[in-house]
Amino acid sequence: MGEYDRWQGRYAAQEYIFGEEPNVFLSQQKHLLPKSGTCLAVADGEGRNGVWLAEQGLDVVSLDFSENGQDKAKALAKKRGVTNIEFVLADVHNWTYPADGFDVVAEIFTQFSDPAQRASKWAGMRRSLKTGGLLLIEGYTPKQLDYGTGGPKELDHLYTRELLQAEFGYFSRLEMKDYECMMAEGSRHAGMAAVIDLIGWK
Ligand SMILES: C[S@@+](CC[C@H](N)C(=O)[O-])C[C@H]1O[C@@H](n2cnc3c(N)ncnc32)[C@H](O)[C@@H]1O
């Protein structure tokens, strides 16, 4: 089964498989977000992060390739009375990322990309972030293979400090933190997990 069918199948469930609350790392960065502006939520799935970012005052583009995921994201936005969010159905590896389009780009758990796909996704994300814009990334590290509580099985899909440094090292006030924690973000991200967070301004 391909990645698209896998996600369509997972999102056919009634429940929000990653929950309706935003990713914990993302919500902890609330104080860094501009009060207004534009934001890209990459591979936003059922919309827990995109809807929360819109609630912070940002005009959000929620990008994902799963119709089933986006239907749930649209329902979540409606339930929360959020209208400043646009849903774009597209493949993040091939999407035309608008140059200097966003004040904030958030990439939370998108490790379906192989190294070549990741290079094109990250090039697009860098291009679409305005100079001075905020980048927020959370992903699993190779240690996550020991936990198996979510994320990919392929070692080269996982994020390391060196990988992120090579791609985003020129960002200003760059902060990276890798650690292990108890994750409770819906049924698919549950249990001890090994993650790395990145915060930086282009
Ligand atoms: C682990 S989920 C994370 C969803 C969301 N970021 C969150 O934290 O709740 C990965 C998401 O990537 C999407 N996805 C996978 N491959 C994709 C692709 N090539 N283009 C766009 N979306 C993709 C899936 O539909 C799914 O919503």
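Scroll up for the structure.
Residues numbered from 1 in each chain as written. Predicted model: local features only at pLDDT ≥ 70, side-chain atom pairs only at ≥ 80, totals over all residues.

## So, the overall build of the chain
Broken down by element type, the chain carries seven helices and seven strands. Overall, the chain shows an N-to-C arrangement of helices and strands of α-α-β-α-β-α-β-β-α-β-α-α-β-β. Relative to its length of 202 residues, the chain is compact, with a C-alpha radius of gyration of 16 Å against a globular reference of 17 Å. Structurally, the chain occupies a C-alpha span of about 40 × 40 × 30 Å along its principal axes. Residue pairs in contact within the chain that sit at least 24 positions apart in sequence constitute 71% of those at least 6 positions apart. (Helix = DSSP H or I, 4+ residues; strand = E, 2+ residues; numbered from the N terminus. Rg over C-alpha atoms; globule rule 2.2 N^0.38 Å. Contact = placed C-beta atoms within 7 Å.)

## Section: the environment of Asn 49
Tracing the backbone shows Asn 49 in helix α3 (residues 48-55). Sequence separation of Asn 49 and Asp 91 is 42 residues, and the distance between their C-alpha atoms is 18 Å. When residues no more than four places from it in sequence are discounted, the contact partners of Asn 49 are Pro 22, Asn 23, Leu 26, Ala 41, Asp 44, Ala 106 and Ile 108.

## Focus on the sheet that holds strand β2 (residues 58-64)
If you walk across this open sheet you meet the seven strands as β3-β2-β1-β4-β5-β7-β6, and the pairing is mixed. Both outer strands of the open sheet, β3 (85-89) and β6 (172-184), are each paired with one neighbouring strand and no more. Sheet twist, expressed as the average angle between the axes of neighbouring strands with direction ignored, equals 15 degrees. When β2 meets β3, the two strands line up parallel, connected through five bridges. Bridge pairing links Asp 64 to Leu 89 in β3. Relative to β3, helix α4 (residues 67-79) is tilted by about 175 degrees, and along the sheet it contacts β2 and β3. Sheet strands touched by helix α5 (residues 115-128): β1 (37-42), β4 (102-108) and β5 (129-140). Its angle to β4, the strand with the most contacts, is close to 155 degrees. (Pairing = 2+ DSSP bridges. Axes fitted to C-alpha atoms, helices over the stretch in contact; angles between N-to-C directions.)

## Some points on the site of the ligand
Around the ligand, 20 residues are found, and the nearest of them are Trp 7, Ala 43, Gly 45, Phe 65 and Ser 66. Taken together, the elements giving at least two residues each to the shell around the ligand come down to α1 (3-11) and α3. In terms of residue class, the shell around the ligand is made up of eight nonpolar, seven polar and five charged. (Near = placed C-beta within 6 Å. Nonpolar A, V, L, I, M, F, W, Y, C, P; charged D, E, K, R; others polar.)

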